[in-house]
Amino acid sequence: MKFEHIDSNIIVSDLTCFDLGLTLDCGQAFRWQQKGASCWHGVAHGRALDICQEEGLLIFKNTSPEDFENVWKVYFDLERDYEALCRAFVLQDAGLRAAVEAYPGIRLLRQEPWEALCSFIISQNNNIPRIKGIIERLCQNFGDHLGGHDYAFPSAQSLAGLTVQDLAPLRAGFRAKYIIDAAQKVAGGQVLLENLKNTESSLARTELQKIKGVGPKVADCALLYGLGHTAIVPEDVWVKRILAEDYPEGFPQVEEDARGIAQQYLFHWKRMGRTESAKLKMAKGKGQIT
DNA sequence: GTCCAGGATCGGA
DNA sequence: TCCGATCATGGA
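Quick notes on the rules
By convention here, each chain's residues receive numbers from 1 onward along its written sequence. Whichever chain is written first becomes A and whichever ligand is written first becomes 1, with later ones labelled in order. In keeping with the predicted nature of the model, local features appear solely for residues at pLDDT of at least 70, side-chain atom pairs appear and are counted solely at 80 or more, and the whole-chain, interface and lining totals rest on all residues. Only hydrogens and water are set aside when side-chain values are computed; all heavy atoms of the structure are taken into account. Under the scheme used here, helices are H or I runs from DSSP no shorter than 4 residues and strands are E runs no shorter than 2 residues, and both carry numbers assigned from the N terminus. Contact criterion: two residues are considered in contact whenever any of their non-hydrogen atoms come within 4.5 Å of each other. Any pair of nitrogen or oxygen atoms within 3.5 Å is treated as a polar contact; in protein, a donor-acceptor pairing is required on top of that, and neighbouring residues in sequence qualify only through side-chain atoms on both sides. In this text, buried Ala, Val, Leu, Ile, Met, Phe, Trp, Tyr and Cys residues form a nonpolar core when linked through side-chain atoms within 4.5 Å. Accessible area is worked out with a 1.4 Å probe on protein chains only. A residue is then buried under 20% of its type maximum, exposed over 50%, and partly exposed in between. Any residue with a non-hydrogen atom lying within 4 Å of a molecule or strand is treated as near it. Asp, Glu, Lys and Arg are counted as charged, while Ala, Val, Leu, Ile, Met, Phe, Trp, Tyr, Cys and Pro are counted as nonpolar; the rest, among them Gly, fall into the polar class. Here a cavity denotes a set of grid points, spaced 1 Å apart and computed over the protein atoms alone, in which a 1.4 Å probe fits but from which it cannot get out, and a pocket denotes an open set meeting protein on both sides within 12 Å along at least five of seven lines; residues with an atom within 4 Å of a point are reported as lining. Grid points are joined across faces, edges and corners, and a volume is the space filled by probe spheres set on the points. For the domain bounds, the source is a domain assignment made automatically or taken from a database. By buried area we mean how much accessible surface two parts lose on assembly, using a 1.4 Å probe and totalling the loss over both. Each reported salt bridge corresponds to a side-chain nitrogen of Lys or Arg within 4 Å of a carboxyl oxygen of Asp or Glu.

**Topic: the environment of D246**
For D246, the position within the fold is in the loop between α12 (237–245) and α13 (259–285). Taking the C-alpha atoms as reference points, D246 and K270, separated by 24 residues in sequence, lie 9.9 Å from one another. Not counting the four nearest positions on each side in its chain, D246 is found in contact with R241, W269 and K270. One polar contact links D246 to K270, side chain to side chain, over a distance of 2.9 Å.

This is the structure in structure tokens:
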């Protein structure tokens, strides 16, 4: 990976196997908005970012070399060799081959532990557009204002003193009490998120499940997306469908630490397949397609 | 109006 | 231990 600093932009070249839009909109992160054909705007680690992908270049706008090095290079997982990873996926399994060929360039974002945990608590029995709305209202109501329309994700400390009534504007439903319990246990030190990065996965999962509203699936999402446990495959409704319909013998054999990344490819592939066939069905029902 | 959503909890068998 | 009802809200 090569990058250079021009004006206030960081331009990354020589980057293969990276699709910005797929990575930001494949159901792993909920705070990125598309701006135009190839640009996105979002907030992570308390920093707003505009980022574009054009002609093989990745352009980080209005950021500093320090933030690029310390924050964004890690967040976008730029130093992992996805080319080798995807090459292996394609050789190892027919389903993964189809997924990688249909949607190449998905990367696993390395999100902040608390944001990932909180986001996937909100995700339970919920749909992605509505998850995004609740998280946006959470940030607008309780996150630090960063200027413009941007708000940081609120810290566990800042939420720990709130009540279910305080969270009413989020319209999060039964999940509000879970958000508060998570904030209290994280802020109070009963669950030490940072330590769980280096804790064996099943032990870390048990720790996370001390929080009300955190079961195996939400715990696994926190591990995979926020705590760097890339071997974890969270079993949501889509992964259950994948296993039932495509892998009755079990999840495909890939390198241990790549299982969670393989999951992200299969998840998106399955979800898009179902969405497309549903759209087609709708169109046929309305007589738009014969 | 109905079904369902990147599930977890609770009570009863 | 297992199973079904229930949870709040709104997208499709």
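Still to come is the rest of the account.
**Observations regarding the nonpolar core**
Ranked by size, the top nonpolar core spans 68 residues in total, and within it F89, W114, L117 and L208 carry the most contacts. Beyond its immediate stretch of four places on either side in the chain, F89 contacts L96, R97, V100, V254, A258, I261, A262 and Y265. If you look at the next biggest cluster of nonpolar residues, it comprises 21 residues, including L15, L20, A29 and W40.

**A short note on the environment of K270**
With respect to the helices and strands, K270 occurs in helix α13. Taking the relative accessible area as the measure of exposure, K270 reaches 11% and is therefore buried. Along the chain, K270 and H149 lie 121 residues apart, while their C-alpha atoms are 34 Å from each other.

**Structural notes on the protein's contact with DNA strand B**
DNA strand B sits among 27 residues. The nearest are G27, N126, I128, Y225 and R241. Backbone atoms, meaning sugar and phosphate, make up 60% of the atoms of DNA strand B lying within 4 Å of the protein. Separating a phosphate oxygen of DNA strand B from a backbone N or O atom of I128 is a distance of 2.4 Å. The contact in question runs from a base nitrogen of DNA strand B to an N or O atom on the side chain of Q263, over 2.8 Å. Those elements that place two or more of their residues in the surface near DNA strand B are α11 (216–226), α12 and α13. Here the surface near DNA strand B is composed, by residue class, of 13 nonpolar, 10 polar and 4 charged.

**With respect to the protein's contact with DNA strand C**
Taken together, N125, N127, P129, R130, R171, G173, F174 and R175 form the complete shell of residues around DNA strand C. A share of 67% of the atoms of DNA strand C within 4 Å of the protein falls on sugar and phosphate groups. For DNA strand C, a sugar or linking oxygen lies 2.9 Å from a polar atom in the side chain of R130. Contacts to DNA strand C include F174, whose backbone N or O atom sits 3.2 Å from a sugar or linking oxygen. Looking at side-chain class alone, the surface near DNA strand C contains 2 nonpolar, 3 polar and 3 charged residues.

**Observations regarding empty space enclosed by the protein**
Rolled over the atoms, a probe as big as a water molecule pinpoints where empty space is left. A full pass over the atoms with the stated rule returns 1 cavity of 30 Å³ or more. When its volume is computed, the largest cavity comes out at roughly 50 Å³. Lining the largest cavity we find A29, F30, R31, W32, V43, A44, H45, Y75, Q111, E112 and E115. For the lining of the largest cavity, a count of residues per class yields 6 nonpolar, 2 polar and 3 charged.

**Points about the domain arrangement of chain A**
Splitting chain A by domain gives domain 1 (2–76), domain 2 (80–109 + 231–290) and domain 3 (113–226). Placing a centre on the C-alpha atoms of domain 1 and another on those of domain 3 gives a separation of 24 Å. Listed as interface residues are 10 residues of domain 1 and, on the opposing side, 15 residues of domain 3. Counting each side, the surface lost to burial between domain 1 and domain 3 is near 1,100 Å², with a carbon and sulfur contribution of 59%. Area buried by domain 1 at its contact with domain 3 is led by Q28, F30 and R31, which between them contribute 62% of it. The interface formed by domain 1 and domain 3 contains 1 salt bridge. Secondary-structure elements contributing two or more residues to the side of domain 1 that touches domain 3 are β4 (39–44) and β5 (47–54). The residue inventory of the side of domain 1 that touches domain 3, partitioned by class, reads 3 nonpolar, 4 polar and 3 charged.

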